[in-house]
Amino acid sequence: QVHLAESGGGLVQPGESLRLSCVASGRTRSIDAMGWYRQAPGKERELVARLTNGGSVNYADSVKGRFTISRDNAKNTVYLRMNSLSPEDTAVYYCYLDTYMGNTYWGQGTQVTVSS
């Protein structure tokens with residue numbers, strides 16, 4: 001079993017930055033990839049960024065050049081640095097983790113609100 005704990009969400013103004021963190025605990029030796037999804041009101045959940053153990057990174061087109069995903073393996077923590085935030089980035093952001101056995105685990109979500 002794996003537990004994910006997110007932090008770092010909040011209310012910011014357009015153009016500002018935030019950094020989300022997600023700490024994994026439990027059976028973390030089987031991690032294949034970690035990343036972030038988001039879900040805005042009335043919309044489907046969408047992939048924001050994904051980072052594999054091999055170092056491959058995927059970003060949603062809407063965040064390329066503004067968001068950066070990174071990971072501290074020693075701390076079992078994945079980060080999402082979000083720059084130049086806009087109201088369209090407002091959503092609940094969910095950390096997720098894929099294992100080599102094909103399981104996926106989710107965090108509880110953290111709210112990001114971008115508003116003036």
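The coordinates are above.
Residues numbered from 1 in each chain as written. Predicted model: local features only at pLDDT ≥ 70, side-chain atom pairs only at ≥ 80, totals over all residues. Heavy atoms only, no water.

Enquirer: Teacher, can you tell me more about the packing of aromatic side chains here?
Expert: Aromatic ring pairs: the centre-centre distance and the angle between the two ring planes describe each pair. Evaluation of the coordinates by the stated rule reveals 3 aromatic pairs. The interplanar angle of 75 degrees and the centroid separation of 5.1 Å between the aromatic rings of Tyr37 and Tyr96 together place this pair among those described as edge-to-face. Within this pair, whereas Tyr37 is found in strand β4 (residues 31-39), its partner Tyr96 is found in strand β9 (residues 91-99), the two being separated by 59 residues in sequence. Measuring from centroid to centroid gives 5.6 Å for Tyr96 and Trp106, while their planes differ by 35 degrees, and the two rings are tilted. Highlighted residues: Tyr96 in strand β9 and Trp106 in strand β10 (residues 104-106), separated in sequence by 10 residues. Given a relative accessible area of 3%, Tyr96 falls into the buried group. (Phe/Tyr/Trp six-rings, centres within 6.5 Å; stacked < 30°, edge-to-face > 60°. Helix = DSSP H or I, 4+ residues; strand = E, 2+ residues; numbered from the N terminus. Buried < 20%, exposed > 50% of the residue type's maximum accessible area, 1.4 Å probe, protein only.)

Enquirer: Whenever I open this one, the state of the cysteines confuses me. Can you help?
Expert: Such a bond, covalent and formed between the sulfur atoms of two cysteines, is termed a disulfide. Applying the stated rule across the entire model yields 1 disulfide. Disulfide partner of Cys22: Cys95, at an S-S distance of 2.0 Å. With the S-S dihedral at roughly -80 degrees, the linkage between Cys22 and Cys95 falls on the left-handed side. With Cys22 in strand β3 (residues 18-26) and Cys95 in strand β9, the pair connects residues that are 73 residues apart, well separated along the chain. With respect to class, Cys22 is no different from Cys95; both count as buried. (Disulfide = S-S within 2.5 Å.)

Enquirer: What am I meant to see in the pattern of salt bridges here?
Expert: This model, assessed by the stated rule, comprises 5 salt bridges. One salt bridge in this structure joins Asp61 and Lys64, with 3.1 Å as the shortest N-O distance. Among the salt bridges present, the one from Asp89 reaches Arg66, with a minimum N-O distance of 2.8 Å. Residue Asp89 is found in the loop between β8 (77-82) and β9, and its partner Arg66 is found in the loop between β6 (57-59) and β7 (67-72); the two are separated by 23 residues along the sequence. In this structure, Asp89 and Arg66 share a single accessibility class: buried. The structure contains a network of salt bridges with shared partners spanning Arg38, Glu46, Arg66 and Asp89. (Salt bridge = Lys/Arg side-chain N within 4 Å of Asp/Glu carboxyl O.)

Enquirer: I'm lost on the nonpolar core in this one. Help?
Expert: A general feature of soluble globular proteins is that nonpolar side chains tend to end up buried together. Among the nonpolar cores identified, the biggest contains 29 residues, and Leu4, Met34, Trp36, Leu80, Met82 and Tyr93 are the most heavily contacted of them. For this core, the elements supplying multiple residues, two or more each, are β1 (2-7), β3, β4, β5 (46-52), β7, β8, β9 and β11 (110-114). Apart from the residues lying within four places of it in its own chain, the contact partners of Tyr93 are Glu6, Leu20, Trp36, Tyr37, Arg38, Val48, Phe67, Leu80, Met82, Gly109, Thr110 and Val112. (Core = buried A, V, L, I, M, F, W, Y, C linked by side-chain atoms within 4.5 Å. Contact = heavy atoms within 4.5 Å.)

Enquirer: How should I be thinking about the sheet that holds β3 in this particular structure?
Expert: Two strands in a sheet stick together by hydrogen bonds in their backbones, pointing the same way (parallel) or opposite ways (antiparallel). If you walk across this open sheet you meet the 4 strands as β1-β3-β8-β7, and the pairing is antiparallel. Of all the strands in the sheet, just β1 and β7 have a single pairing partner and so form its edges. For this sheet the average axis-to-axis angle between neighbouring strands, irrespective of direction, equals 15 degrees. Sheet topology places β1 next to β3; 6 bridges connect them, and they run antiparallel. Across the sheet, residue His3 finds its bridge partner in β3, namely Ser25. (Pairing = 2+ DSSP bridges. Axes fitted to C-alpha atoms, helices over the stretch in contact; angles between N-to-C directions.)

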